[in-house]
There are 2 protein chains.
Amino acid sequence: VAVPPPAVLLLAADAVVGGIDADLTLTSLADLGWKAMAVNLSDIAAMGGRPAHAVVSVVGLSPPELEALYEGVLEASAEYACPVVGGDLSAGDQVVVSVAITGWADGPPVLRSTARPGDRIWVTGRLGAAAAGLRWLQEHRPPVGLVPPTGAVAGAVAGEPSDCIRAHARPRPAVAEGSAARAMGATAMIDISDGLVADLGHIADSSGVGFDLVDEHDLPIAPGASVDDALGGGDDYVLAFTLPADVDAGEAFGAAGLPAPFPIGTCLGDPARRSSGGRPLPVTGWEHDL
Amino acid sequence: VAVPPPAVLLLAADAVVGGIDADLTLTSLADLGWKAMAVNLSDIAAMGGRPAHAVVSVVGLSPPELEALYEGVLEASAEYACPVVGGDLSAGDQVVVSVAITGWADGPPVLRSTARPGDRIWVTGRLGAAAAGLRWLQEHRPPVGLVPPTGAVAGAVAGEPSDCIRAHARPRPAVAEGSAARAMGATAMIDISDGLVADLGHIADSSGVGFDLVDEHDLPIAPGASVDDALGGGDDYVLAFTLPADVDAGEAFGAAGLPAPFPIGTCLGDPARRSSGGRPLPVTGWEHDL
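Just so it is clear, the structure is predicted and the values come from calculations on it, not from any experiment.

S.K.: Quick rundown of the interface of chain A and chain B? Include the residues and the values.
M.R.: Taken together, the contact pairs 33 residues of chain A with 33 residues of chain B. Along the contact surface separating chain A from chain B lie zero salt bridges. Scanning the region where chain A abuts chain B turns up five residue pairs in polar contact (both at pLDDT 80 or more). Elements represented by at least two residues in the side of chain A that touches chain B include exactly strand E1 (8-17), strand E2 (50-59), strand E3 (84-90) and strand E4 (96-105) of chain A. Broken down by element, the residue count for the side of chain A that touches chain B peaks at seven residues, all from E1 of chain A. Its residues placed into classes, the side of chain A that touches chain B shows 19 nonpolar, nine polar and five charged.

Here is the structure:
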């Protein structure tokens, strides 16, 4: 019999808090359920793993609200073949959806702390769509309330940037891309949840490197998004990864049938360096308040 | 080389909500952290598994409060050899500590749904101590506030039922007992978190059996606790398990160096039957409000 390669068990957890991580006047509960799963699936993706199982703890929802939330939870669960195998329900004054997830990596998972000077930086998709979608909702939408209709993705209106809104409401974790990046030897990886500059900063801080990005206007910016959205907007859940400069990620992604990733910069030896086209970048993105 | 027996990966999650699952005017944050870990360790124990790793998501605590919480989290982690490998921090108006935990069972885990008529019911320890401890604190203690000193277990005063208070503040998951029960062929198992009658009711409902317990006054009641504490008080985290009547759990526990468990009743074929000494039991215990 064939002996499978040694697999590494992964475990991650991330909570979504109503009013903090999601504006419940702009996000339907189904979308909140999807997002709670998506942020965790993305954590597994960013280690180069395959999701396995999830557990979901919910605080502060009534039974009909819970049903609406689970619609999105189970859609994400089905889409990413990650069964929800348990969880917990509690009363409470604030909506908190805590998901924990297991996954498997077919070898050592990719960390944030192992990027090296000279590595090229890649992203798996265009940037800034989710921030642009959220801003449009803030400017144009009447609040949807806690129970469906799923306001954020249903019923497009004229001028609505529907791809950006979908990127905000239903972010798609880059699981296949993360596995491909791991398989081709990615030296470090992270999912862009706080914003590109902030999340590359996490890799840089952990790895003791700096970075220079391409000129701002050469970044792969999503249609409808601005440079600021691309640099500072969070919640895109695109993956950023680093790779020895002589490896062409585009070729390997193409061979795996995945959309071409974008090279966006280079890791540098000076850990204080954070620049784009040689010019210092502002510190930007979501600051965790704890 | 020896091939290890096939192990089964377990995953569980349980959240502790301030003001709902714990009165934060009577519970120190270190004790809350211990409890958040303990309820999850107990979930693994109740399946007959060994805890492996935990992740902890915390909502609504300031940095010094978080430090106090983690004191208890890490004490439980060390005591049960269950490293905390990640987690998540968020702002919020209410304290929510969500823990998810993995574990391994050296064979099929024990479920709630597989008790059979005629099985004997055992518990791994005396009952009611946690409820008695909580009641004493409610009646006697000045509130301790959110930050240590760890009011609930430090500084005993005259007449304080310190074993009961410790059972409430620092419940001890019966991990070794759960593994022993699984190994000897337990047909069903649960941890007593909602109360003995309520939790045996969960086994009975899932398994389609009823039960008759020994006379109330023959139950193994903890010193300082009442019959009502033993039947309806939750949070003891003693395990209740069912076993074919011809298996002597006491012998196997003794051989494993564990305290003798107590036989407290028998499973019956009539699923409507819930009695003690032949007299119907009141429905009692913690009712989940969702």
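S.K.: Pulling in residues and values, what's your account of the side chain of Glu177 of chain A?
M.R.: Residues and elements named next belong to chain A. For Glu177, the location among the structural elements is in helix H5 (residues 175-183). It turns out Glu177 is buried and unbridged, and the closest side chain with the opposite charge, Arg172, is 8.1 Å from it. Other than its neighbours up to four places away in sequence, Glu177 contacts Thr124, Leu239, Phe253, Leu258 and Pro259.

S.K.: Outline the pairing of E1 of chain A, listing residues and values.
M.R.: Residue and element names in this part refer to chain A. Taking burial as the measure, the 10 residues of E1 include eight buried ones, the bulk of the element. Looking at chain direction, E1 and E4 are connected through 10 bridges and run antiparallel. Looking at the pairing, Asp14 lines up with Val99 of E4.

S.K.: Would you mind going over the sheet that holds strand E8 (residues 239-243) of chain A in detail, with residue names and values included?
M.R.: Residues and elements named next belong to chain A. Spatially, the seven strands line up as an open sheet ordered E6-E8-E5-E9-E7-E10-E11, and their pairing is mixed. The two strands at the open ends of the sheet, each matched to only one other strand, are strand E6 (188-191) and strand E11 (279-280). Here four bridges tie strand E5 (residues 120-123) to E8, and the two strands are oriented antiparallel to one another. Note that in E8 the partner of Trp122 across the bridge is Phe241.

S.K.: Which residues make up the environment of Gly133 of chain A, and what are the values?
M.R.: All names here are of chain A. For Gly133, the location among the structural elements is in helix H3 (residues 129-140). Note: C-alpha distance between Gly133 and Glu65 (68 residues apart in sequence) is 24 Å. Excluding residues that lie within four positions of it along the chain, Gly133 makes contacts with Cys164, Ile165 and His168.

S.K.: Can you break down the sheet that holds strand E10 (residues 274-276) of chain B residue by residue, with the values?
M.R.: Strands sit in the order E6-E8-E5-E9-E7-E10-E11 (chain B) across an open sheet of seven strands; the sheet is mixed. The sheet is open, and its two borders are formed by strand E6 (188-191) and strand E11 (279-280) of chain B, each paired with just one other strand.

S.K.: Quick rundown of the state of the cysteines? Include the residues and the values.
M.R.: If you walk through the whole model with that rule in mind, you get zero disulfides over all chains. Free of any disulfide, Cys82 of chain A has its nearest cysteine sulfur in Cys82 of chain B, 20 Å distant.

S.K.: Tell me about helix H4 (residues 162-169) of chain B, and name the residues and values.
M.R.: Every buried residue of H4 of chain B is accounted for by Cys164, Ile165, Ala167, His168 and Ala169 of chain B. Against the buried residues of H4 of chain B lie helix H1 (29-45) and helix H3 (129-140) of chain B.

S.K.: Could you give an account of the packing of helix H1 (residues 29-45) of chain A against helix H2 (residues 63-79) of chain A, naming the residues involved and the relevant values?
M.R.: Residues and elements named next belong to chain A. The interhelical angle for the contact between H1 and H2, taken along N-to-C directions, is 40 degrees, at an axis separation of 6 Å. By the angle class used here, H1 and H2 are oblique. H2 is crossed by H1, and the crossing has right-handed handedness. Along the contact surface, H1 presents Leu29, Ala30, Leu32, Gly33, Trp34, Met37 and Leu41, while H2 presents Glu65, Ala68, Leu69, Glu71, Gly72, Val73, Glu75, Ala76, Ser77 and Glu79. Classifying every residue of the contact of H1 with H2 by side-chain character gives 10 nonpolar, three polar and four charged.

S.K.: Can you lay out the pattern of salt bridges for me, pointing to particular residues and giving the numbers?
M.R.: On inspection of all chains with the given rule, the structure shows 22 salt bridges over all chains. One network of salt bridges, in which partners are shared, links Asp31, Glu75 and Arg170 of chain A.

S.K.: Tell me about the relation of the copies chain A and chain B, residues and numbers included.
M.R.: Each copy of the sequence occupies a distinct position, and chain A is placed on chain B by a rotation of 180 degrees and an axial shift of 0.0 Å, giving an RMSD of 0.0 Å. The superposition operator between the copies reduces to a two-fold rotation axis. The residues that chain A uses at the interface reappear at the interface of chain B in 100% of cases, marking a shared surface.

Rules of the game
Residues numbered from 1 in each chain as written. Chains lettered and ligands numbered in written order. Predicted model: local features only at pLDDT ≥ 70, side-chain atom pairs only at ≥ 80, totals over all residues. Heavy atoms only, no water. Contact = heavy atoms within 4.5 Å. Salt bridge = Lys/Arg side-chain N within 4 Å of Asp/Glu carboxyl O. Polar contact = N/O pair within 3.5 Å; in protein donor to acceptor, adjacent residues only side chain to side chain. Helix = DSSP H or I, 4+ residues; strand = E, 2+ residues; numbered from the N terminus. Nonpolar A, V, L, I, M, F, W, Y, C, P; charged D, E, K, R; others polar. Buried < 20%, exposed > 50% of the residue type's maximum accessible area, 1.4 Å probe, protein only. Lys, Arg positive; Asp, Glu negative; His and termini not counted. Pairing = 2+ DSSP bridges. Disulfide = S-S within 2.5 Å. Axes fitted to C-alpha atoms, helices over the stretch in contact; angles between N-to-C directions. Parallel < 35°, antiparallel > 145°, perpendicular 65-115°, else oblique. Left-handed = near helix turned anticlockwise from the far one by under 90°. Least-squares fit on C-alpha atoms with pLDDT ≥ 70 in both.

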